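Structure at a glance
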Amino acid sequence: QVQLVESGGGLVQAGGSLRLSCAASGRTFSYYSMGWFRQAPGKEREFVATINTSGSSTYYAGSVKGRFTISRDNAKNTGYLQMNSLKPEDTAVYYCAASGAAWTTATMYRNWGQGTQVTVSS
């Protein structure tokens, strides 16, 4: 098992930027692919981005492609989600997750963080 803790959320105006971090502990972080998901009030959890173990391959949801960048630093056991050009519709609780492969489906991830709130004001 790997334990995950997100940080970096907050309140930002539309057009602004935030960088989320996901600190891992427990089993070796570099063994896991990582994903970011988000959940807005009254909505299902949705896929945002995923990255493979080495960081050489990434995949994004269409709604964030070109605005968000997923990355990782295995030496620091930390993953990141750089969010630029934020929109009010990006408002949600953001979760990082770890799995054996870079899935886009939340049910394929067994390890989750507690989430961090991102609020984008118009």
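The coordinates are above.
Residues numbered from 1 in each chain as written. Predicted model: local features only at pLDDT ≥ 70, side-chain atom pairs only at ≥ 80, totals over all residues. Heavy atoms only, no water.

**Comments concerning the side chain of Asp-90**
Secondary-structure assignment places Asp-90 in the loop between β8 (78-83) and β9 (92-99). You can call Asp-90 buried: its relative accessible area is 0%. What Asp-90 contacts, discounting residues up to four positions off in sequence, is Arg-38, Arg-67, Phe-68, Ser-85, Val-118 and Val-120. (Helix = DSSP H or I, 4+ residues; strand = E, 2+ residues; numbered from the N terminus. Buried < 20%, exposed > 50% of the residue type's maximum accessible area, 1.4 Å probe, protein only. Contact = heavy atoms within 4.5 Å.)

**Considerations on the state of the cysteines**
Applying the stated rule across the entire model yields one disulfide. Each sulfur of the disulfide joining Cys-22 and Cys-96 lies 2.1 Å from the other. Looking along the S-S bond of the Cys-22-Cys-96 disulfide, the torsion reads about 65°, which is the right-handed sense. You can see Cys-22 sitting in strand β3 (residues 18-26) and its partner Cys-96 sitting in strand β9, a full 74 residues away along the chain. (Disulfide = S-S within 2.5 Å.)

**A few points about the nonpolar core**
Membership of the largest hydrophobic core comes to 33 residues, with the highest contact counts inside it found for Trp-36, Val-48, Phe-68, Ile-70, Leu-81, Met-83 and Tyr-94. Elements that contribute at least two residues to this core include exactly β1 (2-7), β3, β4 (33-39), β5 (46-51), β7 (68-73), β8, β9 and β11 (116-121). Per-element tally for this core: the top contributor is β9, with five residues. (Core = buried A, V, L, I, M, F, W, Y, C linked by side-chain atoms within 4.5 Å.)

**Some remarks on the side chain of Glu-6**
Position of Glu-6 relative to the elements: it lies in strand β1. At 7.4 Å, Arg-45 is the nearest oppositely charged side chain to Glu-6, a buried residue that forms no salt bridge. Separated by 2.8 Å, the side chain of Glu-6 and the backbone nitrogen of Cys-96 make a polar contact. Of the polar contacts made by the side chain of Glu-6, one reaches the backbone nitrogen of Gln-114; its length is 2.9 Å. Apart from the residues lying within four places of it in its own chain, the contact partners of Glu-6 are Ser-21, Cys-22, Trp-36, Tyr-94, Tyr-95, Cys-96, Gly-113, Gln-114, Gly-115 and Thr-116. (Lys, Arg positive; Asp, Glu negative; His and termini not counted. Salt bridge = Lys/Arg side-chain N within 4 Å of Asp/Glu carboxyl O. Polar contact = N/O pair within 3.5 Å; in protein donor to acceptor, adjacent residues only side chain to side chain.)

**Things to note about the pattern of salt bridges**
With the rule as written, the count across this model stands at three salt bridges. Across the pair Arg-38 and Glu-46 runs a salt bridge, and its minimum N-O distance is 2.5 Å. Owing to a relative accessible area of 5%, Arg-38 belongs among the buried residues under this scheme. Since its relative accessible area comes to 34%, Glu-46 is described here as partly exposed. As a salt-bridge pair, Asp-90 and Arg-67 come within 2.8 Å of each other at their nearest N and O atoms. Of this pair, Asp-90 sits in the loop between β8 and β9 while Arg-67 sits in the loop between β6 (58-60) and β7, and the two are 23 residues apart along the sequence. With respect to class, Asp-90 is no different from Arg-67; both count as buried. Three or more residues joined by partner-sharing salt bridges are found here, namely Arg-38, Glu-46, Arg-67 and Asp-90.

**Considering the packing of aromatic side chains**
The geometry of an aromatic ring pair is captured by two quantities: the separation of the ring centres and the angle between the planes. By the definition in use, this model includes six aromatic pairs. Summarising the aromatic geometry, the rings of Tyr-95 and Trp-112 are spaced 6.3 Å apart at their centres and angled 80° between planes, so their arrangement reads as edge-to-face. With Tyr-95 in strand β9 and Trp-112 in strand β10 (residues 111-112), this pair connects stretches of sequence that are 17 residues apart. Residue Trp-112 is classed as partly exposed on the basis of its relative accessible area, which comes to 25%. Taking the ring centre of Trp-112 as reference, the NZ or CZ of Arg-45 above it sits at 4.7 Å. (Phe/Tyr/Trp six-rings, centres within 6.5 Å; stacked < 30°, edge-to-face > 60°. Lys NZ or Arg CZ within 6 Å of the ring centre and 35° of its normal.)

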